[in-house]
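So the chains spell out like this:
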Amino acid sequence: MIAKAAAISHGGNAMRYVTTKDRSDIVMVNHLPEDISPDAMYQRMVLLQKMLAKEERRGRPLLRNMIRIELSPDTTESRGWTLEEWRKLAEEFIRTFDGIDMSKRTRRKSSTPII
């Protein structure tokens, strides 16, 4: 399995590209309506960032406002998976991703694991 994550500045375009090419499905949403469109999901994220702008950024502009995560299990392993099996993989990946301690590398206390 391969997993790659990167902070990107073109979140809206990334969402449109992935969802309009009919090559992806929304596997899981967290604290959002189940039938939400990708554009509405992105707009909610942008609105929340604007609400928290003064607290979080301390006057610095937020240039990369989205994390793009590419998660690719082996095709022989994932062939014929149901949406529920993809959801379980996403949940496992999120737990692992959130548990990574970046505080020594970034020298910021905010980079300690969430879990």
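Residues numbered from 1 in each chain as written. Predicted model: local features only at pLDDT ≥ 70, side-chain atom pairs only at ≥ 80, totals over all residues. Heavy atoms only, no water.

> Whenever I open this one, the overall build of the protein chain confuses me. Can you help?
Each helix and strand in the protein chain was counted, giving six helices and two strands. The order of α-helices and β-strands along the protein chain, N terminus first, is β-α-α-α-β-α-α-α. Split into buried and exposed, the 115 residues of the protein chain put 19% on the buried side. By sequence separation, contacts in the protein chain at least 24 residues apart represent 54% of the contacts at least 6 residues apart. Total accessible area on the protein chain is roughly 9,600 Å²; 53% of this is exposed by carbon and sulfur atoms. (Helix = DSSP H or I, 4+ residues; strand = E, 2+ residues; numbered from the N terminus. Buried < 20%, exposed > 50% of the residue type's maximum accessible area, 1.4 Å probe, protein only. Contact = heavy atoms within 4.5 Å. Areas by Shrake-Rupley, 256 points an atom, 1.4 Å probe, with all protein chains shown as cover.)

> Please explain the nonpolar core as it appears in this structure.
Soluble globular proteins tend to bury their nonpolar side chains together. If you look at the biggest cluster of nonpolar residues, it comprises nine residues: I8, A14, M15, V29, I36, M41, Y42, V46 and M66. Looking at this core, the elements with two or more residues in it are α1 (11-20) and α2 (38-51). In contact with I8, other than residues within four places in its own chain, are A14, R64, N65, M66 and R68. (Core = buried A, V, L, I, M, F, W, Y, C linked by side-chain atoms within 4.5 Å.)

> I would appreciate a short explanation of the packing of aromatic side chains in the present structure.
Two numbers describe a pair of aromatic rings. These are the distance of the centres and the angle of the planes. In this structure the tally under the stated criterion is two aromatic pairs. Summarising the aromatic geometry, the rings of W81 and W86 are spaced 4.9 Å apart at their centres and angled 65° between planes, so their arrangement reads as edge-to-face. Taking relative accessible area as the criterion, W81 reaches 22% and is therefore assigned partly exposed. (Phe/Tyr/Trp six-rings, centres within 6.5 Å; stacked < 30°, edge-to-face > 60°.)

> Would you explain the side chain of S78 in this entry?
The residue S78 is located in helix α4 (residues 75-78) in this model. On the basis of relative accessible area, S78 is assigned to the buried category, the value being 11%. When sequence neighbours within four positions are dropped, the list of residues in contact with S78 reads P73 and W86.

> Can you walk me through the pattern of salt bridges in this structure?
Applying the stated rule across the entire model yields three salt bridges. Taken together, the shared-partner salt bridges in this structure form one network comprising K4, R68 and E70. (Salt bridge = Lys/Arg side-chain N within 4 Å of Asp/Glu carboxyl O.)

> Mind showing me how you'd approach α2 here?
Two residues of an α-helix separated by three or four positions point the same way, owing to the 3.6 residues in each turn. Between its terminal C-alpha atoms α2 stretches 20 Å, which fits the 20 Å expected from 14 residues at 1.5 Å a residue. All of the buried residues in α2 are P38, M41, Y42, V46 and Q49. Projection of α2 onto a plane perpendicular to its axis shows the buried side chains occupying an angular sector of 135°, all on one side. Those residues of α2 that are exposed and angled more than 90 degrees off the buried face are L47, K50 and M51. A distance of 3.1 Å separates the backbone nitrogen of A40 from a side-chain oxygen at the start of α2, and that oxygen is part of S37. (Expected span 1.5 Å × (residues − 1). Arc of directions from axis to C-beta. Polar contact = N/O pair within 3.5 Å; in protein donor to acceptor, adjacent residues only side chain to side chain.)

> Explain a nonpolar patch on the surface here, please?
Nonpolar side chains collect at one region of the surface, where I67, I69, F97, I100 and M102 lie side by side and expose about 400 Å² of accessible area between them. For I67, a relative accessible area of 48% translates into the label partly exposed. (Patch = residues over 30% accessible without salt bridge, like charges linked within 9 Å, V, L, I, M, F, W, Y side chains within 5 Å.)

> How should the confidence of the model for the protein chain be read in this particular structure?
Here the protein chain averages 79 in pLDDT, while 81% of its residues score no lower than 70. Taken element by element, the predicted model of the protein chain shows its lowest mean pLDDT in helix α3 (residues 53-57) (63) and its highest in α4 (89). (pLDDT = per-residue confidence, 0-100.)

> Please explain the packing of α1 against α2 as it appears in this structure.
A packed helix pair is summarised by two numbers, namely the angle formed by the two axes and the spacing between the axes. α2 packs onto α1 with a crossing angle of 165° between their chain directions and a minimal axis gap of 10 Å. It follows from the interaxial angle that α1 and α2 lie roughly antiparallel. α2 is crossed by α1, and the crossing has right-handed handedness. Touching G11, G12, M15, R16 and T19 of α1 are P38, D39, M41 and Y42, all from α2. Split by residue class, the contact of α1 with α2 holds four nonpolar, three polar and two charged. (Axes fitted to C-alpha atoms, helices over the stretch in contact; angles between N-to-C directions. Parallel < 35°, antiparallel > 145°, perpendicular 65-115°, else oblique. Left-handed = near helix turned anticlockwise from the far one by under 90°. Nonpolar A, V, L, I, M, F, W, Y, C, P; charged D, E, K, R; others polar.)

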